[in-house]
Amino acid sequence: AALSLASLSAQAASTLDNILANNSLRVCFEAGYMPFEMKNKAGDDIGFDIDLAKMMAKAMGVKFTPVNTAWDGIIPALLTDKCDILMSGMTITPERNLQVNFADPYVVVGQSVLLAPALQGQVSRFQELNQPEHIVITKLGTTGDIVAKRMLDKAQIRVFESEADGVMEVINGRAQAFIYDLPLNAFYKALHGDKLVHLDQPFTYEPLGWAVRKGDPDFLNFLNNFLRQIKGDGSYDRLYQKWFIE
Ligand code: ARG
């Protein structure tokens, strides 16, 4: 069939067009993943992802619209257009990448262990948790969940919907360990001091990326260039220093 001029100039609509038309960047995240996203006492959303999202909205000249979404429904929320982008500390995994596209990684993390102080000295590496008597906690539907079930198949793995509740199991002596992304564990260690031991050698490699709907090269191009710019001009580093415990 002959190509018409119209078909040559036709372009698939980009999410960028909707963002500009609505004057709003709608960002899905799940508060509770410190220090990326959390609520302050006043109920406002704060954190590294939130500051990055505000910076992005500003660069687009639109307002930032937070869409706090339960973790287990966050990809469906994107796919059903409840938001324009996921900025939620999501690990880029092949399984997720079949459903969504990811911009280039904006930070790399790994899993670490928050250990009950009673096991200090007995357990110094995550593999040593792989015993039937050990109760290991993580969060539902996360890479912690996947890796705990795969690598600690002899231990009792229990999944929680909130990070805070999961960590409490260890603090209150109902579990031996909590497995999760290192930055959150470092945050809770700083909060609870000697009630937790942090085995802070990450044992997985996890690039985190912003996720968008598939088939939208214009939006991906915007995101990767935005990321390159803020990494080069110092604004990314400024936010990183603000939120992360080294
Ligand atoms: N990086 C982990 C994952 O992708 C945990 C991310 C959790 N994010 C959140 N906002 N609760 O599975």
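Above: the structure in question.
Treat the numbers as computed from the prediction; the structure is a model and nothing was measured. (Residues numbered from 1 in each chain as written. Predicted model: local features only at pLDDT ≥ 70, side-chain atom pairs only at ≥ 80, totals over all residues. Heavy atoms only, no water.)

Trainee: Please set out helix H9 (residues 217-233) residue by residue, giving values where relevant.
Mentor: Here H9 contains 17 residues, and its C-alpha end-to-end distance of 24 Å stays within 8% of the 24 Å for a straight helix at 1.5 Å per residue. All buried positions along H9 are accounted for by Phe-219, Leu-220, Leu-223, Phe-226, Leu-227 and Ile-230. Projected onto a plane normal to the axis of H9, the buried residues spread over an arc of 130° and lie on a single side. The exposed residues of H9 that point more than 90 degrees off its buried face are Pro-217, Arg-228 and Gly-232. Its buried side turned inward, H9 meets helix H2 (15-22), helix H3 (48-60), strand E5 (85-86), strand E6 (101-102), strand E14 (211-212) and helix H10 (235-243). Phi turns positive one or two residues past the end of H9, at Gly-234, with a value near 95°. (Helix = DSSP H or I, 4+ residues; strand = E, 2+ residues; numbered from the N terminus. Expected span 1.5 Å × (residues − 1). Buried < 20%, exposed > 50% of the residue type's maximum accessible area, 1.4 Å probe, protein only. Arc of directions from axis to C-beta. Contact = heavy atoms within 4.5 Å.)

Trainee: Any chance you could break down the state of the cysteines for me, citing the residues and the numbers?
Mentor: Applying the stated rule across the entire model yields one disulfide. Between the sulfur of Cys-28 and that of Cys-83 lies a disulfide, 2.3 Å long from S to S. Where Cys-28 bonds to Cys-83 through sulfur, the torsion about that S-S bond is close to -105°, and the disulfide is left-handed. Note that Cys-28 is positioned in strand E1 (residues 24-29) and Cys-83 in the loop between helix H4 (74-79) and E5, a separation of 55 residues in sequence. For the residue pair Cys-28 and Cys-83, the accessibility class agrees, reading buried in each case. (Disulfide = S-S within 2.5 Å.)

Trainee: Break down the pairing of strand E11 (residues 177-181) for me, citing the residues and quoting the values.
Mentor: Counting buried positions along E11 gives five out of five residues, so the element sits mostly inside the fold. Where strand E8 (residues 111-115) meets E11, five bridges bridge the pair, whose relative direction is antiparallel. Its bridge partner being in E11, Ser-112 is matched across the sheet by Tyr-180. Here strand E9 (residues 135-139) pairs with E11 via two bridges, running parallel. Following the sheet pairing, Ile-137 is matched in E11 by Phe-178. (Pairing = 2+ DSSP bridges.)

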